[in-house]
Amino acid sequence: MTLKVWLEIMQQAAAGSGALLMTALKQAQVTIARRHDGEVDAAGIVLFGEADAALLQALPALCHHARVLAIAACGLPPSCAQQRALLAAGALDVLPWPAGSIDAGQVLARLQRWQAVAQLLASGAVRQQLVGDSAAWTALLHQVVEMAAFSQASILITGETGTGKDLLAQLVHRLGNCRGDFTILDCATLSPELAGSELFGHERGAFTGAAAARDGAFALADGGVLFLDEVGELPLPLQAQLLRAIQERKYKRVGGNTWQPTQFRLVCATNRELEHEVARGAFRADLYYRIAGWRCQTPPLRERQDDILPLARHFLAELAQRPPPPMDAAVREYLLLRDYPGNVRELRQTVTRIWHRHCGPGPITIGALPPDERLLAPLWPDQHFEAAVRRALAQGCKLSHITRCATDTAIRLALAEEHGNNQRAAARLGVSDRALQIRRKAAACAEQAATAANIATGATPPAAL
């Protein structure tokens, strides 16, 4: 697939470098296209001379639908704080180039990597199993896909129960070009007596009941991926044995004398905070740093609420084994307002119960809700809203500030859901088109003033309305 990129020159001082870069990219068979709002198949390059307030204000909108590389093409290179602010505004990387210095190879390498990751993210290998488009979930998938496809690092996946840690481990196996199998070992079920056999295997007669030799997880995972689920449950003596085998890539069967070689990619998962476990001496620090070559954390469902309905439709399609019936508005509202302590796993169970009660043609209606759950959905404002207000009060925020932030957030979300259409957003908010325009203009002026202050400190710029 041909690489396509758009170029945005933010300051006239960078125009000369922009022309040189455009020529170099065209020679490398990169297509230079016009930038269109909402375009998702083209990466973007922003050239600037100085990391000023106008740049930080414009960058979030440029990065909203595209992967963006920011290049300081002339003048003084941005400070470390300014580079952090550019990343916070949405840029994926920042290249400080001295005046007159053009390195198209740096740009081309990043464009190729980003395009490859984007293609994998859009593939069936990802989308058919890992459903969701919320910002938190998309950012996590981007990281996991890149690490799975372009490295062999060991991966530690942390997060609450029911957030999809096992699905991410399977994704690492699918994208990692492994010739071997995906081997799962649930560390929470290992008994002290048989743990060594489960990991390393045993020879015939090694212990009572060992009537024949048996391969353990290290042998079965050779050439593939070894997934240690709930690794935080391992007892300390077994952690020491595991560390040695991981470091040396060799192991002995229980009752055996011969060292067996093995090569596998290690993926571990836990719902424990392993740093805390290390601090209190319940988990070995050397093992932690060995298994956490790269680490990611799955977000709980309460942090990706935009994914609740897409996940529910996905589960319904699996249950129906055909295009599922639509859900009535009351059912959708129930699913959105319900709490999910068990996260995605609990959402799936809830959808399954609803599906089993649904009958006949037409949409799934409120009568399909299990009788014991029909009163569980809280009214709004719910506990999450109250918790946010409570945190604001604890931080000393006044009523005027809380009101302004709530209003700005509602406007931003309504505009995003209506794809920037001011008239439709105003209708959803119950205000006039003119009133919303005035509010957005006032917010933009306040944001510009705040951004000017942020540029000096490297603080995260506010989201634009």
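In what follows, the accompanying structure is described. The structure presented is a predicted model; accordingly, all values stated were derived computationally and were not measured.

## Looking at the overall build of the chain
Working step 1: Helix and strand content of the chain: 19 helices and 12 strands.
Working step 2: Taken across its 465 residues, the chain has 42% of its residues classed as buried.
Working step 3: For the chain, the computed accessible surface area is about 24,000 Å², with 53% contributed by carbon and sulfur atoms.
Working step 4: Each charge class in the chain can be summarised by its mean position, and for the 47 positive and 44 negative side chains these summaries are 2 Å apart.

## With respect to the pattern of salt bridges
Working step 1: Applying the stated criterion across every chain yields a total of 21 salt bridges.
Working step 2: Between Arg113 and Glu146 there is a salt bridge; the shortest N-O distance is 2.8 Å. Of the two residues, Arg113 is situated in helix α4 (residues 104-121) and Glu146 in helix α6 (residues 135-150); the sequence distance between them amounts to 33 residues.
Working step 3: What makes Arg113 partly exposed here is its relative accessible area of 31%.
Working step 4: The exposure class assigned to Glu146 is partly exposed, which follows from its relative accessible area of 23%.
Working step 5: Put simply, Arg295 and Glu275 hold a salt bridge, and the shortest N to O gap is 2.1 Å. Pair noted here: Arg295 is in strand β12 (residues 294-297) and Glu275 is in helix α11 (residues 274-279), with a separation of 20 residues, a long-range link.
Working step 6: Look at Arg295 and you get partly exposed, because its relative accessible area is 24%.
Working step 7: Residues joined by salt bridges that share partners form a network here, namely Glu233, Arg272, Glu277 and Arg280.

## Examining the sheet that holds strand β1 (residues 4-9)
Working step 1: The 5 strands lie next to each other as β2-β1-β3-β4-β5, forming an open sheet whose pairing is parallel. Each edge of the open sheet carries a strand with a single partner, namely β2 (31-32) and β5 (93-96).
Working step 2: Running at roughly 145 degrees to β5, helix α3 (residues 80-88) makes contact with β3 (43-48) and β5 of the sheet.

## Describing the packing of aromatic side chains
Working step 1: In the structure shown here, the tally under the stated rule is 5 aromatic pairs.
Working step 2: Consider the rings of Phe218 and Phe264, whose centres lie 5.2 Å apart with planes at 75 degrees: the pair is edge-to-face. With a gap of 46 residues between them, Phe218 in helix α9 (residues 217-220) and Phe264 in the loop between β10 (259-261) and β11 (265-270) connect regions that are remote in the sequence. Like Phe264, Phe218 is buried.
Working step 3: Each ring, one from Tyr288 and one from Tyr289, has its centre 5.1 Å from the other, and the planes form 70 degrees; the classification is edge-to-face.
Working step 4: Judged by relative accessible area, Tyr288 falls into the buried class, the value being 9%.

## With respect to the packing of α4 against α6
What describes two packed helices is the angle between their axes and the distance between those same axes.
Working step 1: Between α4 and α6, the shortest axis-to-axis distance is 10 Å and the interhelical angle comes to 110 degrees. Here α4 is positioned roughly perpendicular relative to α6, judged by the angle of their axes. Across from Arg113, Ala116, Val117, Leu120 and Leu121 in α4, the residues of α6 making contact are Leu141, His142, Val145, Glu146, Ala149 and Phe150.
Working step 2: Each residue belonging to the contact of α4 with α6 can be placed in one class, and the counts come to 8 nonpolar, 1 polar and 2 charged.

## Description of the side chain of Asn422
Working step 1: Within the element layout of this structure, Asn422 appears in helix α18 (residues 422-429).
Working step 2: Polar side-chain contacts of Asn422 include one of 3.1 Å to the side chain of Arg440.
Working step 3: Once residues lying within four places of it in the same chain are set aside, the contact partners of Asn422 are Leu415, Asp433, Leu436, Gln437 and Arg440.

## A closer look at unusual backbone geometry
Working step 1: In this structure, Asn177 is a non-glycine residue whose phi angle is positive, near 55 degrees.
Working step 2: Positive phi, normally seen in glycine, also occurs at Arg249, with a value near 55 degrees.
Working step 3: In this fold, Arg249 is placed in the loop between α10 (236-248) and β9 (250-252).

## So, the pairing of strand β6 (residues 155-158)
Working step 1: Here β6 shows no split at all, with Ile155 and Ile157 on one side and Leu156 and Thr158 on the other all buried.
Working step 2: Inspection of the sheet shows β6 paired to β11 by 4 bridges, in the parallel sense. Residue pairing across strands places Leu156 opposite Cys268, the latter belonging to β11.

## Quick notes on α3
Working step 1: Among all positions in α3, only Ala81, Gln82, Ala85 and Leu86 are buried. Taken down its axis, α3 places every buried residue within 140 degrees of arc, on the same side.

## Some details on the packing of helix α13 (residues 308-320) against helix α15 (residues 343-357)
Working step 1: Put simply, α13 and α15 touch, their axes get as near as 9 Å, and they point 50 degrees apart. Of the possible angle classes, the one that applies to α13 and α15 is oblique. The handedness of the crossing between α13 and α15 is right-handed. Each of Ile308, Leu311, Ala312, Phe315, Leu316, Glu318, Leu319 and Ala320 in α13 lies in contact with α15, whose residues at this interface are Val344, Leu347, Arg348, Val351, Thr352 and Trp355.
Working step 2: Its residues placed into classes, the contact of α13 with α15 shows 11 nonpolar, 1 polar and 2 charged.

## Structural notes on the sheet that holds β6
Working step 1: Judged by pairing direction, the sheet is parallel, and its 5 strands sit side by side in the order β7-β8-β11-β6-β12 without closing on themselves. If you trace the sheet from one side to the other, it starts and ends with β7 (182-186) and β12, each paired once. In this sheet, adjacent strand axes meet at a mean angle of 20 degrees when their direction is disregarded.
Working step 2: As defined by bridge partners, strand β8 (residues 225-229) adjoins β11 across 4 bridges and the pair is classed as parallel.

## Quick word on helix α16 (residues 383-394)
Working step 1: For α16, spanning 12 residues, the distance from its first C-alpha to its last is 16 Å, which sits close to the expected 16 Å at 1.5 Å a residue.
Working step 2: Within two residues after α16, Gly396 carries a phi angle of roughly 90 degrees, on the positive side.

## Observations concerning the nonpolar core
Working step 1: Of all hydrophobic cores here, the largest spans 28 residues; its most connected members are Phe218, Leu228, Val231 and Ile291.
Working step 2: For this core, the elements supplying multiple residues, two or more each, are α8 (195-200), α9, β8, α10, β11 and α12 (285-291).
Working step 3: Sort the elements by how many residues they give to this core and α10 lands first, with 5 residues.
Working step 4: If you look at the next biggest cluster of nonpolar residues, it comprises 25 residues, including Val145, Leu171, Trp294 and Cys296.

Scoring rules and cut-offs
Residues numbered from 1 in each chain as written. Predicted model: local features only at pLDDT ≥ 70, side-chain atom pairs only at ≥ 80, totals over all residues. Heavy atoms only, no water. Helix = DSSP H or I, 4+ residues; strand = E, 2+ residues; numbered from the N terminus. Buried < 20%, exposed > 50% of the residue type's maximum accessible area, 1.4 Å probe, protein only. Areas by Shrake-Rupley, 256 points an atom, 1.4 Å probe, with all protein chains shown as cover. Lys, Arg positive; Asp, Glu negative; His and termini not counted. Charge placed at Lys NZ, Arg CZ, Asp CG, Glu CD. Salt bridge = Lys/Arg side-chain N within 4 Å of Asp/Glu carboxyl O. Pairing = 2+ DSSP bridges. Contact = heavy atoms within 4.5 Å. Axes fitted to C-alpha atoms, helices over the stretch in contact; angles between N-to-C directions. Phe/Tyr/Trp six-rings, centres within 6.5 Å; stacked < 30°, edge-to-face > 60°. Parallel < 35°, antiparallel > 145°, perpendicular 65-115°, else oblique. Nonpolar A, V, L, I, M, F, W, Y, C, P; charged D, E, K, R; others polar. Polar contact = N/O pair within 3.5 Å; in protein donor to acceptor, adjacent residues only side chain to side chain. Arc of directions from axis to C-beta. Left-handed = near helix turned anticlockwise from the far one by under 90°. Expected span 1.5 Å × (residues − 1). Core = buried A, V, L, I, M, F, W, Y, C linked by side-chain atoms within 4.5 Å.

Just geometry here; none of it tells us what the structure is for.
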